[in-house]
Amino acid sequence: MNASATAYALPLGAWPLTVRAVRPAKEPEVSRSDTRLLARLRQRDMDAFEELVREHHATLIRVAMGYVADRDAAEEVVQDTWLAVIGGLDRFEGRSSLRTWLWSILVHKAKDRGVREKRHVNFSQFEPQDDGDDDEVDPARFHLCGELAGSWALPPQPWDERTPERLLANKQAAAAMSAAIEELPGGLREALLLRDVEGLASEEICAILDITEANLYVRLHRARERVRRAVERSLEGCPLQV
Amino acid sequence: MYATLGSELALPKHAPRAGLTCKEATRRATLFLEGRLHAADTAALEAHVASCASCQAYLDQIALVRDALRRLPSESPSQALRKMLRQAFVQNDPSKS
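Let us look at the structure shown here. The structure displayed is predicted, hence computed values, not measured ones.

What counts, and at which threshold
Residues numbered from 1 in each chain as written. Chains lettered and ligands numbered in written order. Predicted model: local features only at pLDDT ≥ 70, side-chain atom pairs only at ≥ 80, totals over all residues. Heavy atoms only, no water. Salt bridge = Lys/Arg side-chain N within 4 Å of Asp/Glu carboxyl O. Helix = DSSP H or I, 4+ residues; strand = E, 2+ residues; numbered from the N terminus. Buried < 20%, exposed > 50% of the residue type's maximum accessible area, 1.4 Å probe, protein only. Contact = heavy atoms within 4.5 Å. Buried area = accessible area lost by both parts, 1.4 Å probe. Polar contact = N/O pair within 3.5 Å; in protein donor to acceptor, adjacent residues only side chain to side chain. Nonpolar A, V, L, I, M, F, W, Y, C, P; charged D, E, K, R; others polar. Axes fitted to C-alpha atoms, helices over the stretch in contact; angles between N-to-C directions. Parallel < 35°, antiparallel > 145°, perpendicular 65-115°, else oblique. Left-handed = near helix turned anticlockwise from the far one by under 90°.

Digging into the pattern of salt bridges
Pairs can form between side chains of opposite charge whenever their charged atoms are close.
Residues and elements named next belong to chain A.
And step 1. Counted according to the given criterion, the structure contains 23 salt bridges over all chains.
And step 2. A salt bridge links E75 to R71; the nearest nitrogen and oxygen atoms lie 2.8 Å apart. In this pair, E75 and R71 are both assigned in helix 4 (residues 71-88), 4 residues apart and thus about one turn of the helix distant.
And step 3. Here E75 falls in the partly exposed class, since its relative accessible area comes to 32%.
And step 4. For R71, a relative accessible area of 29% gives the class partly exposed.
And step 5. Linking R219 and E190 is a salt bridge whose minimum nitrogen-to-oxygen distance equals 3.2 Å. Of this pair, R219 sits in helix 10 (residues 213-235) while E190 sits in helix 8 (residues 186-197), placing them 29 residues apart in sequence. In this pair, the class of R219 matches that of E190, namely buried.

This is the structure:
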């Protein structure tokens, strides 16, 4: 963990207009619940195992699909991951969180499968450039020169859907969100899924993906902006397009 | 370039700490939401957004997307896979071997 990271934590009380909406994502607690879950799994508590599978299975497949040729291959990778988890439960030493361990197995197996399918996988998609404006807000939406350079020319309009529940209840917006995730390049997709869908801590994600925090945040912002843009288009009545 | 954790991603010298443009504000949205901006950059962003309804809307939308992603409905594994995994889970019990 970068020791300086927590020193820059956002002061929650300093946000005058929309404290609830823009509050930083809560870093997940893993330690105590992780220990309890691991103990239940080692006792072969079927409910605990099914809960684990239910919670992570779909996202495991989505991430695996970034590495392999198709859905069938991704499902095989995820199946192998679960079998490896089952087989390794009693040897797991708890040096990382259970989730980090699970995701590390998945990424390792998916990469391995991807390498064997090398004709299908372009690993450059996992290496986003850290500079330049690519994949952030469309530059055409800002004034390019003059006194207003850098100010909005085509500003975003506030959405009527102001809560996650209301946004997801809008079928077009929810479909746009899902489609946008599927269309993300692998490197952006895994950052978004691990952080925003799975809720892993940034430190965990960096360990799993073997990337720096700076790289993670570049990926995460580009991914969020692409999904935001897709939702924006859907709410404006535009056809799905990422 | 983002302003963030350490020196490798500090703001370039020509970029103002205060008086951000809207474009600069949007590029800092995720770092802000993640609590990873330097204190001075956080203050500059807050000052900008407090007087810019469009950037407020943008920041709200990025935050809303982030929060909605956590609640996306997810599909369950197939019955066949669940059955196979249940069997493997039970059969791999070292206390029964």
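Some details on unusual backbone geometry
Residues and elements named next belong to chain A.
And step 1. Here the phi dihedral of R44 falls at roughly 60 degrees; this positive angle occurs in a residue that is not glycine.
And step 2. Mapped onto the elements of the fold, R44 is located in the loop between helix 2 (31-42) and helix 3 (46-64).
And step 3. Phi is positive for D210, close to 55 degrees, though the residue is something other than glycine.
And step 4. With respect to the element layout, D210 can be found in the loop between helix 9 (202-209) and helix 10.

A look at the interface of chain B and chain A
How big an interface is tends to be stated in terms of the accessible area lost upon association of its parts.
And step 1. Listed by partner, the interface residues are 60 residues for chain B and 82 residues for chain A.
And step 2. Counting the surface lost from both chain B and chain A, the interface buries some 6300 Å², and carbon and sulfur atoms represent 64% of this.
And step 3. Counting every contact that joins chain B to chain A gives 8 salt bridges.
And step 4. Across the pair A:E50 and B:R82 runs a salt bridge, and its minimum N-O distance is 3.2 Å.
And step 5. For the pair chain B and chain A, the number of links is 23 residue pairs in polar contact (both at pLDDT 80 or more).
And step 6. The dominant element in the side of chain B that touches chain A, judged by the number of residues it contributes, is helix 4 (residues 53-70) of chain B, at 17 residues.
And step 7. Of the residues in the side of chain B that touches chain A, the class split is 33 nonpolar, 12 polar and 15 charged.

A word on the packing of helix 4 of chain A against helix 5 (residues 79-91) of chain B
And step 1. Contact geometry for helix 4 of chain A and helix 5 of chain B: axes closest at 10 Å, N-to-C directions at 20 degrees. On the basis of their axis angle, the class for helix 4 of chain A and helix 5 of chain B is roughly parallel. As for the relative orientation of helix 4 of chain A and helix 5 of chain B, their crossing is right-handed in sense. The segment helix 4 of chain A lies against helix 5 of chain B, with A:Q79, A:W82, A:L83 and A:I86 engaging B:L81, B:M84, B:L85, B:A88 and B:F89.
And step 2. Taken together, the residues of the contact of helix 4 of chain A with helix 5 of chain B sort by class into 8 nonpolar, 1 polar and no charged.

Re the environment of A:V197
And step 1. With respect to the helices and strands, the residue A:V197 is situated in helix 8.
And step 2. Classification of A:V197 by relative accessible area gives buried; the value is 9%.
And step 3. For the pair A:V197 and A:T212, spaced 15 residues apart in sequence, the C-alpha separation works out to 20 Å.
And step 4. In contact with A:V197, other than residues within four places in its own chain, are A:T59, A:L192, B:L69 and B:R70.

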